[in-house]
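Observations on the three-dimensional arrangement
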Amino acid sequence: MYVAQVLGVTGAYFLAGRIGLMRQIVLDGAVVTPLWPPTGIAVAALLCLGVRVWPGIPLGTLLTVTEIGDAFTVSRLAIMFGNTIAPLASYALLRKVGFRIELARLRDGVCLVFLGAFAGMLLSSTVGSLTLLIDGKVPPGRFWLVWSSWWAGDAMGVLVVTPVLLVLRGIRWPRPGDRWLEASVLGITVVAASLIATRSSLSMIYLVFPVVIWAALRFQLPGSAPCALVVSVLAIIAGTDALGPFAGHSLMEVMVNLSVLNGCVALTALLLGAIVAEHRNIRRETEYAVEELEALVEQLAPLSGPPSERYEDRPGRHGPLDGGPLPDHG
């Protein structure tokens, strides 16, 4: 079972890497992508299966780097090391703060953003960029461009891919007819809005945000996380093909625009979905507490009655209420 899990992580990492390399951007001697899905695969695998599956990450990286060059050079092995320790660092940080993979609390969403994505991926981008700088493949004047592009791609992988995988792990599919119509309309709308926003020359990127908000309010993370993934993928395709609002911009400008758009969409979907889920859980717990209190009151009601009834029921006790003699005070 353990070997199967490690091989599964390796295969998923490699396939995600192949998909990411389909939209690669070459900056001098560095190959970067606006969205690097393997980082999201790695962090989700560690969170769901535990740290013991970590060997699947370097194995997947090893297979992936063979697609872009010799895997057994010192620089490639250093990059493999950086790509391995970054998800492990994200996992350690999230475990330390009590992260819950259900993502049903706002604090879990905030921790995934700032610790899992932003902080943890500093390691992979730093190790990779420094390795290419020392290797002479990146000139000193372009170091920060390569570093920021590398970091943004890795961070977006965690922000966009990891929530989808965590949602799929614990999702409960609704029964037939239970809001399936609305979910279908939402799916069609997010694809249509994303295509218009990312391919229209009118620069209507903002069109995707009402759809993401709709998904978060109505379906929480199970709806908003896949929507964010669809928006990011279609935006990357349009950006790398220089279509719509990305036409006529330099490579650096396209990378910046894609990073900002994907980051804003992912943050909106993740944090708003977590807020809605947290509020619903609080309301559910409050309703459950009220029901328990009502049941307790119903159980205690027969044990207590009006004071007059309790006075009359006492045997051998005579007073004004039962027609007995009044007490003699002298």
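Residues numbered from 1 in each chain as written. Predicted model: local features only at pLDDT ≥ 70, side-chain atom pairs only at ≥ 80, totals over all residues. Heavy atoms only, no water.

Side note on the environment of Val-161
Going by this rule: Secondary structure elements follow DSSP: runs of H or I no shorter than four residues count as helices, runs of E no shorter than two count as strands, and numbering proceeds from the N terminus. Should any heavy atoms of two residues lie within 4.5 Å, those residues are considered in contact.
Counting through the fold element by element, Val-161 comes out in helix α7 (residues 143-170). Residues Val-161 and Leu-35, spaced 126 residues apart in sequence, show a C-alpha to C-alpha distance of 9.3 Å. The contact partners of Val-161, leaving out residues within four places of it in the chain, are Pro-37, Gly-40, Ile-41 and Met-156.

With respect to a nonpolar patch on the surface
To keep things clear, this is the line we draw: What goes into a patch is any residue over 30% in relative accessible area without a salt bridge, connected to like charges within 9 Å or, for nonpolar side chains (Val, Leu, Ile, Met, Phe, Trp, Tyr), within 5 Å. Using a 1.4 Å probe, the Shrake-Rupley method yields the accessible areas, and only the shown protein chains count as cover for residues. In the sections that follow, a salt bridge refers to a side-chain nitrogen of Lys or Arg positioned within 4 Å of a carboxyl oxygen of Asp or Glu. Burial status follows relative accessibility: with a 1.4 Å probe on protein chains alone, a residue under 20% of its type maximum counts as buried, one over 50% as exposed, and anything between as partly exposed.
Together, Leu-293, Leu-296, Val-297 and Leu-300 make up an exposed nonpolar region whose accessible area comes to about 370 Å². For Leu-300, a relative accessible area of 46% corresponds to the partly exposed category.

Description of the confidence of the model for the protein
Atomic detail in the predicted coordinates should be set aside for any region of low pLDDT. The following threshold applies: Confidence of the prediction at every residue is given by pLDDT, a number between 0 and 100.
In this model, the protein carries a mean pLDDT of 86, and residues with pLDDT of at least 70 account for 87%. Of all helices and strands in the protein, the one with the weakest mean pLDDT is helix α11 (residues 307-312) (50), whereas helix α2 (residues 37-49) scores best (95). Note on residues 317-323: pLDDT is under 50 here. Beyond four places in sequence and across chains, it has nine contacts.

Things to note about the packing of aromatic side chains
Our working rule: Pairing of aromatic side chains requires ring centres within 6.5 Å, counting the rings of Phe and Tyr and the six-membered ring of Trp. Pairs whose planes differ by under 30 degrees are stacked, by over 60 edge-to-face, and all others tilted.
Applying the stated rule across the entire model yields five aromatic pairs. Each ring, one from Trp-144 and one from Trp-147, has its centre 5.7 Å from the other, and the planes form 75°; the classification is edge-to-face. Separated by three residues within a single helix, Trp-144 and Trp-147 lie in helix α7, roughly one turn from each other. Ring centres of Trp-147 and Trp-151 lie 6.2 Å apart, and the angle between their planes is 0°; on these two criteria the pair is classed as stacked. Of the two residues, Trp-147 and Trp-151 both sit in helix α7, four residues apart, roughly one turn of that helix. Overall, the relative accessible area of 22% leaves Trp-151 in the partly exposed class. Through successive ring pairs, a cluster of aromatic residues spans Phe-114, Phe-118, Phe-143, Trp-144, Trp-147 and Trp-151.

A few points about the pattern of salt bridges
Taken as a whole and judged by the stated rule, the model has four salt bridges. The shortest N-O distance in the salt bridge between Arg-105 and Asp-108 comes to 2.8 Å. Asp-108 matches Arg-105 in its accessibility class, with the two residues each being buried. Between Glu-182 and Arg-218 there is a salt bridge; the shortest N-O distance is 2.8 Å. In this pair, Glu-182 is assigned in helix α8 (residues 180-199) and Arg-218 in helix α9 (residues 208-240), connecting sequence segments 36 residues apart. Here Arg-218 falls in the partly exposed class, since its relative accessible area comes to 34%.

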